[in-house]
Every structure is written in C-alpha cells, then in structure tokens.
Amino acid sequence: MIVRKSMAELEKMRAAGLLVWKILEEMRGMIQEGVSTHDLEVKAEKMMQEAGAKSAFKGYSTPTAGKFPSVLCASVNDEIVHGIPSKNRVLKNGDIISIDTAVQLSGYYADSAITVAVGEISAEAKKLMAVTLESLELAIDKARPGNRLFDICGTVERHVQSNGFSIVREFVGHGIGTQMHEEPQVPNYVDRRGENPRLKEGMVLAIEPMVNAGKPGSRVKADKWTAVTEDGKYSAHFEHTVAITADGPWVLTRP
Ligand code: MG
Ligand code: MG
C-alpha cells in the first residue's frame, strides 16, 4: 500500500528535507583534495545532533550486512552507493564522490544525494554527473497527479541510455514518509514485472538515479555494504525526496 501524506505531514517532511539539504551543501563546500570521507561524516553527524535529528542510516540494519556504521554514504569513483566513510579514504584530484544522507525529524524522513567533483575531473566524468542530474530533474517533472510510476522510471531510463551510459538495476528509489523505505519501489528503468500505480496527491517518492559510465553490472565489496561497478568505471548518484501535490512536484530536499 502506498501511504499518502496530509499537508501537515508534508510540512514535517519539509523540515527534515531542508536539514538534509543544509548538510549536503555543507559537504559540497568541504569536498576538496586532502579531505577524508571521515571528516565529512564527523561534520554531518554534528549537524544532525545540533538540529535534534536522528540519522536514518547509522544503525540501519539488513539481515545480510548487519548495521551500517555511519550517517553518510560516501561513495568514491567506481563506488555506486553505500560507501562507508573512513579516515583512510582521502579525496584526490580527479575523484568524484557521491554523498547520500537521510534524517528522521519529528517522526518523518527525508533522503537526498549529490555527486561532487574533486578538483579537475575528466570530460567523461563531467558528462556522467551532468546526465545523471538531468535524468533526476526530468523525472521530478513527471511527479504529478495523473501520471504513472513508469513515467518517472522511463524518463530516467531514456535520458541515461540515449547518452550512452547505463543504469544500475540492483538498487532503486522508494516511497518515503514515517519509514525511510516505503512502497512503491522506484526503479530507474521500466520494470514490466512491477506495478505501475497512478501517481496521486500526497505520495512522496525518493527518486535516485544511479548511473554507470560503463556497463550496468555491480558487486558488493567484502565490507558487505559498498556497491562498486564490476568494470571499475565511475558511477554517479543524485537523489531528491519529492512530494506529489495538486500544484505539481514539490522537492522537499531543496529550498
Ligand atoms: Mg539516499
Ligand atoms: Mg533513497
């Protein structure tokens, strides 16, 4: 069942969303050569504590991987998602880093991710980041009452594939609200085996294209969390939490 939220609930999700935005903008400002992903983690955790928010990631647990140890997913270069911040992971010129974070504030979640360049990056990496972000923006525009889920999924798929990149299939977007992961799943491709519900006012979706420069295949590293591309090529990731309203899409994770 897809839970629809009242305007009062959306306002609470908005407060969580603006905190996530503020943290990600702080991360964007900090990202440069010589900074470790642990440095980013420390700052993000402090900001959550100061705001009275709870991390949605730290302590999040799955039967196969156990508890995630951090408030950020920091995924560098060939890492697609779920990279664990570490003092040993020091950013260098030419890297790209995806920072994904989510908080719970007053009982409601918001989830967002950005990919940021470290210094001077290759032309291909620039295009990968641009196409991934464009695919998110195009998909957000489809988040309107009367459209269907596949309008969002297909928009990402077409934009990415027409630009020669590939879509990660093992990880998908999701509904969000009083739980970080609610129905429906939001794949970045049209999954004909899945449901194609009509989008209605009050639904909230975390739309999050994960795009590989090379082949779509991924594998999970020995830490049981970090997903990397099989071919070692770069991957980019952008995400927003988007409410479907009568006036169109309301991106809760940016001002
Ligand atoms: Mg996320
Ligand atoms: Mg998400």
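Moving on: the side chain of Glu 41. Position of Glu 41 relative to the elements: it lies in helix α2 (residues 37–51). For the buried Glu 41, no salt bridge exists, and the shortest N-O distance to an oppositely charged side chain is 5.0 Å, to Lys 58. Here Val 71 takes part through its backbone nitrogen, which lies 2.9 Å from a polar atom of the side chain of Glu 41. Only 3.1 Å separates the side chain of Glu 41 from the backbone nitrogen of Leu 72, close enough to count as a polar contact. Residues within four places of Glu 41 in sequence aside, it is in contact with Ser 70, Val 71, Leu 72 and Pro 85.

Taken together, Asp 111 (OD), His 174 (NE2), Glu 208 (OE) and Glu 239 (OE) make up the protein donors of the magnesium ion (ligand 2), found 2.1 to 2.2 Å from the metal. For the magnesium ion (ligand 2), all donor residues lie on one chain, and their spacing in sequence is D-x62-H-x33-E-x30-E. For the pair the magnesium ion (ligand 2) and the magnesium ion (ligand 1), the metal-to-metal distance amounts to 3.2 Å, and Asp 111 bridges them. Linking His 174 in strand β9 (residues 173–175) with Glu 239 in the loop between β15 (235–237) and β16 (240–245), this pair joins segments that are 65 residues apart in sequence. Here His 174 and Glu 239 have matching classes, each one buried.

A few words on helix α1 (residues 7–30). Taking 1.5 Å of rise per residue, the 24 residues of α1 would be expected to cover 34 Å, and the 34 Å separating its terminal C-alpha atoms lies within 8% of that figure. Residues of α1 that are buried: Leu 10, Met 13, Arg 14, Ala 16, Gly 17, Leu 19, Val 20, Ile 23, Leu 24 and Met 27.

Attention now moves to the coordination of the magnesium ion (ligand 1). Of the protein atoms, only Asp 100 (OD), Asp 100 (OD), Asp 111 (OD) and Glu 239 (OE) coordinate the magnesium ion (ligand 1), at distances of 2.0 to 2.6 Å. Sequence spacing of the donors to the magnesium ion (ligand 1): D-x10-D-x127-E.

With antiparallel pairing, the 5 strands of this open sheet are ordered in space as β10-β9-β11-β16-β17. The strands lining the two open edges of the sheet, one partner per strand, are β10 (182–186) and β17 (248–251). Adjacent strand axes in the sheet meet at a mean angle of 25°, parallel and antiparallel pairs treated alike. Summarising the sheet, β16 and β17 pair through 4 bridges and their orientation is antiparallel. By the bridge assignment for β17, Thr 245 is matched with Gly 248. Where α1 meets the sheet, its contacts fall on β11 (204–207), β16 and β17, and the angle it forms with β17 comes to roughly 40°. In the packing of helix α4 (residues 149–162) onto the sheet, the strands contacted are β10 and β11, and the crossing angle to β10 comes to about 40°.

This paragraph deals with the packing of aromatic side chains. We describe a pair of aromatic rings using the distance from one ring centre to the other and the angle between the two ring planes. Across all of its chains, the model carries 2 aromatic pairs by this definition. Ring geometry for Phe 57 against Phe 68: centres 6.5 Å apart, planes inclined by 85°, an arrangement best described as edge-to-face. Placement of the pair is Phe 57 in the loop between β1 (54–55) and β2 (61–62) and Phe 68 in the loop between β3 (66–67) and β4 (72–76), with a sequence separation of 11 residues. Judged by its relative accessible area of 3%, Phe 68 is buried. Each ring, one from Phe 68 and one from Trp 225, has its centre 5.1 Å from the other, and the planes form 85°; the classification is edge-to-face. You can see Phe 68 sitting in the loop between β3 and β4 and its partner Trp 225 sitting in the loop between β13 (218–220) and β14 (227–229), a full 157 residues away along the chain. Three or more aromatic residues joined by ring pairs form one cluster here, namely Phe 57, Phe 68 and Trp 225.

Conventions adopted
- Every chain is numbered independently, its residues counted from 1 as its sequence is written.
- Chains and ligands are labelled sequentially in the order written, the chains with letters from A and the ligands with numbers from 1.
- Note on the predicted model: pLDDT of at least 70 is required for a residue's local features to be given, and 80 or more for side-chain atom pairs to be given and counted; whole-chain, interface and lining totals, by contrast, use all residues.
- Note that the side-chain values use all heavy atoms of the structure and ignore hydrogens as well as water.
- In this description a helix means any DSSP run of H or I spanning at least four residues, a strand means any run of E spanning at least two, and both kinds are numbered starting from the N terminus.
- Per-residue accessibility, obtained with a 1.4 Å probe over protein chains only, is compared with the maximum for each type, and a residue is labelled buried under 20%, exposed over 50%, and partly exposed between these values.
- Charge counting treats Lys and Arg as positive and Asp and Glu as negative, with His and both chain ends excluded.
- Think of a salt bridge as a Lys or Arg side-chain nitrogen and an Asp or Glu carboxyl oxygen that are within 4 Å of each other.
- Polar contacts, as used here, are pairs of N or O atoms within 3.5 Å; protein pairs need one atom able to donate a hydrogen and one able to accept it. Residues neighboring in sequence count only if both atoms are side-chain atoms.
- The contact definition used throughout considers only heavy atoms, calling two residues in contact when any of these lie within 4.5 Å.
- Here the term donor refers to an N, O or S atom within 2.8 Å of the metal (or 3.2 Å for Na, K and Ca), and because water is left out of the atoms, sites may appear incomplete.
- The span you would expect from a helix comes to 1.5 Å times its residue count less one.
- DSSP bridges decide pairing: two strands pair if at least two such bridges lie between them.
- All axes here are fitted lines through C-alpha atoms, helices being fitted over the stretch that makes contact, and every angle between N-to-C directions spans 0 to 180 degrees.
- Two rings from Phe, Tyr or Trp (for Trp, the six-membered ring) form a pair when their centres sit within 6.5 Å of each other. Planes less than 30 degrees apart are called stacked, planes more than 60 degrees apart edge-to-face, and all others tilted.

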